[in-house]
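# Fold and contact review
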Amino acid sequence: MTITPPALSVFETLESEVRSYCRGWPAVFDRAQGSYLYDEDGHTYLDFFAGAGSLNYGHNNAVLKRALLDYLERDGIVHGLDMATTAKRAFLETFQNVVLRPRDLPYKVMFPGPTGTNAVEAALKLARKVKGREAIVSFTNAFHGMSLGSLAVTGNAFKRAGAGIPLVHGTPMPFDNYLDGQVPDFLWFERLLEDQGSGLNKPAAVIVETIQGEGGINVARAEWLRGLAELCKRRDMLLIVDDIQMGCGRTGGFFSFEDAGITPDIVTLSKSISGYGLPMSLTLFKPELDIWEPGEHNGTFRGHNPAFVTATAALDTYWADGQMEKQTLARGQQIEQALVAICAEHADADATYRGRGMVWGLEFPDPARATRVCRRAFELGLILETSGPQSEVVKLLPALTTTPDDLDEGLRTLARAVRETA
C-alpha cells in the first residue's frame, strides 16, 4: 500500500488522475532560481528538465524578471487579444532584427493560442487551406501535441488512444534511421506518392521534428533533412518543422534546422519563446502562404503581453551577439563526454547515448532501467524525465544557462544513479 504524505494529500484527493510529472517527483515545490528548484521542506534539486524545455534561460531569470516586473508595475497591457500593443511591437521588431533578418528568413509571424499544440493546429490548418488537400505526412515516434489535429500526426499509441475517436488524415513515414539504414531514405515515401494504388492521398504537407524529444531523442541527420526538403519541393508539399522543444537555441542555433541549411515553409515555436515559462507560441510561414481571412483562426489568449515582454528581453540578452550558440555547443560537448564515460562504465548493459547541443538521451535496452535511474536521481537531488515509446530513454534537458560546475554536479549524480540501479 502506498502511503501519501500529508503535504500531497490535497493533490491526491482533488486533482485528476491525469497528472503525471508529479508522480515521479513526489515533493511540493515552493520556489526556483536558475537551475535549482526548492521544495517546501527545504530540499534542493538540480533541474535537468527545465519545464520540458520551456525554461532555456533558467528559473526566474533575473534579467527577464526585471523586465516583467517593470512592465507590470507601470500597468502595461496584460491581456490584448490580437490588438496592437507596445509590447507586441517591441517583440516583433526584436524578433525580426535579432532572429529572422540575420538568418535571411522571410517569415510572417502568427500568434495562435499560447501553447505548442495551438501552433501546430494553426500550421496544419494553414497547410490544408493553401494546398486544398487534407492529408498530412508525419513520422514514426513523432510528438506534436495533445489536441486532435496534433494527435493525428503524433506516433505514440498511448497518447493517441486518449483521443477517444479515430484520428484521420495523417500518415506516418519512417523517421531517419528507423529502418536501421537498411532501406534508402524516402524509398517507401516516394513509392507511395508514385503509385496510384497506394492509398495515400496527395499530402498537403509534411511535419517533422529535427530531433524527436518525446520520441526518444532521435536525431535526424542534416542530409536526411535536406533530402526531405527537396522531396517536399519536388512533390508540391509544404514542409513544416515543429521546433517547439528544439527551437530557441536548444540545439545550438536559434532554430534546430539551421545546421541542415533548409528553409521550411512553416515553423512552429513555443515553450522557450517567452523565455520565462509564460504561455506563448508562434506559427511562422513564408509570406505567400498568408492567405488567412481576418479572424479565421484566433484565440482569447494569443495576446499575452507579459510573454512578449520577457521574450523580447530574452532575445536582446542572449541572441544579439551570437555567444549563446557557442556556449550551448560547448556545454553539449561537456554532456557528451560524461555520457561516453557512463556508457563505457556500463558496457555490459548496452547503454547508448545520442543528442545535440543541450538535449541528450541515455538509452537502456531494459526500459524499466531508465525509470529506475530517474527515480534514484530524484532521491539524490536531480530532476530528470524519461522519453521514448517505452520510456526507455533518460532525457537530459538542462537550461542553456546552466553553469559548467552545475552541469558537472548533475552529470556526476546521473552517473551515480546509473551505477546504483545496475
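Residues numbered from 1 in each chain as written. Predicted model: local features only at pLDDT ≥ 70, side-chain atom pairs only at ≥ 80, totals over all residues. Heavy atoms only, no water.

## Observations concerning the overall build of the chain
Counting its secondary structure elements, the chain contains 14 helices and 17 strands. Taking 2.2 N^0.38 as the reference for a compact globule, 422 residues should give roughly 22 Å; the C-alpha atoms of the chain span a radius of gyration of 21 Å, in line with that estimate. Oriented by its inertia axes, the alpha-carbon framework of the chain measures out at about 60 × 55 × 45 Å. Residue burial in the chain is summarised as follows: out of 422 residues, 52% are buried. Counting only contacts in the chain whose residues sit at least 6 apart along the sequence, the fraction spanning at least 24 positions is 72%. (Helix = DSSP H or I, 4+ residues; strand = E, 2+ residues; numbered from the N terminus. Rg over C-alpha atoms; globule rule 2.2 N^0.38 Å. Buried < 20%, exposed > 50% of the residue type's maximum accessible area, 1.4 Å probe, protein only. Contact = heavy atoms within 4.5 Å.)

## Examining the pattern of salt bridges
Across all of its chains, the model carries 28 salt bridges by this definition. R221 is the partner of D185 in a salt bridge, and the nearest nitrogen-oxygen pair spans 3.0 Å. Of the two residues, D185 sits in the loop between β6 (170-173) and α9 (187-194) while R221 sits in the loop between β9 (218-219) and α10 (222-234), which places them 36 residues apart along the sequence. Its relative accessible area of 38% is what places D185 among the partly exposed residues. A residue is classified by how much of its surface remains accessible, and R221, at 34% relative accessible area, is partly exposed. Connected through salt bridges with shared partners, the residues E190, E194, E230, R234 and R235 form a single ionic network. (Salt bridge = Lys/Arg side-chain N within 4 Å of Asp/Glu carboxyl O.)

## Remarks on the packing of aromatic side chains
If you walk through the whole model with that rule in mind, you get 19 aromatic pairs. Plain terms: the ring middles of F139 and W224 are 5.2 Å apart, the flat faces sit at 70° to each other, and that makes the pair edge-to-face. Of the two residues, F139 is situated in strand β5 (residues 136-139) and W224 in helix α10; the sequence distance between them amounts to 85 residues. For the pair F139 and W224, a shared accessibility class is recorded, and that class is buried. Positioned above the aromatic ring of Y38, the side-chain terminus of R31 is 4.2 Å from the ring centre. (Phe/Tyr/Trp six-rings, centres within 6.5 Å; stacked < 30°, edge-to-face > 60°. Lys NZ or Arg CZ within 6 Å of the ring centre and 35° of its normal.)

## A look at the sheet that holds strand β16 (residues 385-387)
Pairing is antiparallel across the open sheet formed by 4 strands, whose spatial order is β13-β14-β17-β16. Each edge of the sheet is formed by a strand with only one pairing partner; in this case those strands are β13 (352-356) and β16. Adjacent strand axes in the sheet meet at a mean angle of 30°, parallel and antiparallel pairs treated alike. (Pairing = 2+ DSSP bridges. Axes fitted to C-alpha atoms, helices over the stretch in contact; angles between N-to-C directions.)

## Looking at the nonpolar core
Formed by 86 residues in total, the largest nonpolar core has its most connected members in F95, F189 and F255. With 8 residues, helix α11 (residues 305-318) is the largest single contributor of residues to this core. Ranked by size, the runner-up nonpolar core spans 19 residues in total, among them M110, L126, A127 and A204. (Core = buried A, V, L, I, M, F, W, Y, C linked by side-chain atoms within 4.5 Å.)

## Focus: empty space enclosed by the protein
Under the criterion given, the structure shown has 1 cavity of 30 Å³ or more. One number sums up the size of the largest cavity: a volume of about 40 Å³. Taken together, F111, P112, G113, P114, P279, M280, S281, F301, R302, H304 and F308 make up the full set of residues lining the largest cavity. (1 Å grid on protein atoms, 1.4 Å probe; cavity = no way out; pocket = protein on both sides within 12 Å on 5 of 7 lines; lining within 4 Å. Points joined across faces, edges and corners; volume = space filled by probe spheres on them.)

## A closer look at unusual backbone geometry
Note on backbone geometry: most residues besides glycine have negative phi, and most peptide bonds are trans. One non-glycine residue, N141, lies in the positive phi region at around 65°. Phi is positive for C248, close to 60°, though the residue is something other than glycine. You can see C248 is positioned in the loop between β10 (238-242) and β11 (266-269).

## Observations regarding the sheet that holds strand β4 (residues 108-110)
One open sheet accounts for 7 strands, arranged β4-β12-β11-β10-β7-β5-β6; its pairing is mixed. Only two strands of the sheet have a single partner each, and these edge strands are β4 and β6. Strand-to-strand twist in this sheet, taken as the mean axis angle between neighbours without regard to direction, amounts to 25°. Of the strand pairs in this sheet, β4 and strand β12 (residues 282-285) are connected by 3 bridges, and their pairing is antiparallel. Among the inter-strand pairings, K108 is bridged to a residue of β12, identified as F285.

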